[in-house]
Amino acid sequence: MQTRPAPSAQTDAPDDALLIAYANGDVAAAQELATRLAPRIMGQAYRMLQDHAEAEDVTQDALMRLWKIAPDWRQGEARVTTWLYRVVANLCTDRLRKRGRGVALDMVAEPASGAPSAAQQMQDDARMMALRDGLAGLPERQAQAVALRHLEELGNPEIAQIMDISIEAVESLIARGKRALVAALAPRKADLGYEDDSE
């Protein structure tokens, strides 16, 4: 008869403890870790690629890489999420290079019930498309830094680890990227519905 750890014990465990438990043969730990991390990395991949199927592929690839390195994971050296964000960013960057930046992207998935009105959804879609186009026009490192900071809402130290650069370099990339985005999107401010904004 198989015994499995109580779900509450797994739910409270830190990511790296779950990864080490998986490396030691605890399949339930891997399931908990995947359940916890997959939505976050799927979100990151989708924001970068704007393609649901590709984002799913990247998510699966990133998790497979995580399982492969599990036996060698050294607790306390890095956060599992930081490692995964870096892997996802690299996988997405590779895909963007292959298909070419600035390629027209498919429409965003249909909104769930209780979603904004059709007019609001259209404006939100237009704003997101403008942001994606603006990011696509930035140098790759600036685009990655801006996306990690303002779309993924990561702190500069974690972005520095993901991008393997100094915090000062992250701050510089974000500042330059934001200035370039503001300049690129300024002509579209009114048609994106920002004409009344004070910023």
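A brief report on the enclosed structure follows. (Residues numbered from 1 in each chain as written. Predicted model: local features only at pLDDT ≥ 70, side-chain atom pairs only at ≥ 80, totals over all residues. Heavy atoms only, no water.)

1. Observations regarding the packing of aromatic side chains
Right, on to step 1. Going through the model one piece at a time under the given rule, you end up with 2 aromatic pairs.
Right, on to step 2. Summarising the aromatic geometry, the rings of Tyr-22 and Trp-67 are spaced 5.0 Å apart at their centres and angled 50° between planes, so their arrangement reads as tilted. One end of the pair, Tyr-22, is in helix H2 (residues 15-23); the other, Trp-67, is in helix H4 (residues 52-69), with 45 residues separating them in the sequence.
Right, on to step 3. Relative accessible area serves as the criterion here: at 26%, Tyr-22 is assigned to the partly exposed category.
Right, on to step 4. With relative accessibility at 17%, the residue Trp-67 sits in the buried group.
Right, on to step 5. With a centroid separation of 6.4 Å and an interplanar angle of 90°, the aromatic rings of Trp-73 and Trp-83 are classed as edge-to-face. Of the two residues, Trp-73 sits in the loop between H4 and helix H5 (80-99) while Trp-83 sits in helix H5, which places them 10 residues apart along the sequence.
Right, on to step 6. For Trp-73, a relative accessible area of 12% gives the class buried. (Phe/Tyr/Trp six-rings, centres within 6.5 Å; stacked < 30°, edge-to-face > 60°. Helix = DSSP H or I, 4+ residues; strand = E, 2+ residues; numbered from the N terminus. Buried < 20%, exposed > 50% of the residue type's maximum accessible area, 1.4 Å probe, protein only.)

2. With respect to the nonpolar core
Right, on to step 1. Counting 28 residues, the largest nonpolar core has Leu-19, Leu-66 and Trp-67 as its most contacted members.
Right, on to step 2. Within the residue set of this core, elements represented by two or more residues are H2, helix H3 (27-49), H4 and H5.
Right, on to step 3. The biggest single contributor to this core is H3, with 10 residues.
Right, on to step 4. Residue contacts for Trp-67: discarding those within four places in its chain leaves Leu-19, Tyr-22, Ala-30, Leu-33 and Ala-34. (Core = buried A, V, L, I, M, F, W, Y, C linked by side-chain atoms within 4.5 Å. Contact = heavy atoms within 4.5 Å.)

3. What to know about the pattern of salt bridges
Right, on to step 1. Across all of its chains, the model carries 6 salt bridges by this definition.
Right, on to step 2. When the shortest N-O distance is used, the salt bridge between Asp-15 and Arg-36 registers 2.6 Å. Linking Asp-15 in helix H2 with Arg-36 in helix H3, this pair joins segments that are 21 residues apart in sequence.
Right, on to step 3. Judged by relative accessible area, which is 17%, Asp-15 ranks as buried. (Salt bridge = Lys/Arg side-chain N within 4 Å of Asp/Glu carboxyl O.)

4. Side note on the packing of helix H8 (residues 156-163) against helix H9 (residues 167-185)
Between two packed helices, both the angle of their axes relative to each other and the distance between the axes serve to describe the pair.
Right, on to step 1. The contact between H8 and H9 brings their axes to 8 Å, and the two run at 100°. One element, H8, and the other, H9, form an angle in the roughly perpendicular class. Facing Asn-156, Pro-157, Ile-159, Ala-160 and Met-163 of H8, the residues of H9 in contact are Ile-167, Val-170, Glu-171, Leu-173 and Ile-174.
Right, on to step 2. For the contact of H8 with H9, a count of residues per class yields 8 nonpolar, 1 polar and 1 charged. (Axes fitted to C-alpha atoms, helices over the stretch in contact; angles between N-to-C directions. Parallel < 35°, antiparallel > 145°, perpendicular 65-115°, else oblique. Nonpolar A, V, L, I, M, F, W, Y, C, P; charged D, E, K, R; others polar.)

5. A look at the packing of helix H7 (residues 140-151) against H9
Right, on to step 1. Where H7 meets H9, the closest approach of the two axes is 8 Å, and the angle between their N-to-C directions is 95°. Our classification of the angle between H7 and H9 gives roughly perpendicular. The residues of H9 that touch H7, namely those facing Arg-141, Gln-142, Ala-145, Val-146, Arg-149 and His-150, are Leu-173, Ile-174, Arg-176, Gly-177, Lys-178 and Leu-181.
Right, on to step 2. Per-class residue counts for the contact of H7 with H9 are 5 nonpolar, 3 polar and 4 charged.

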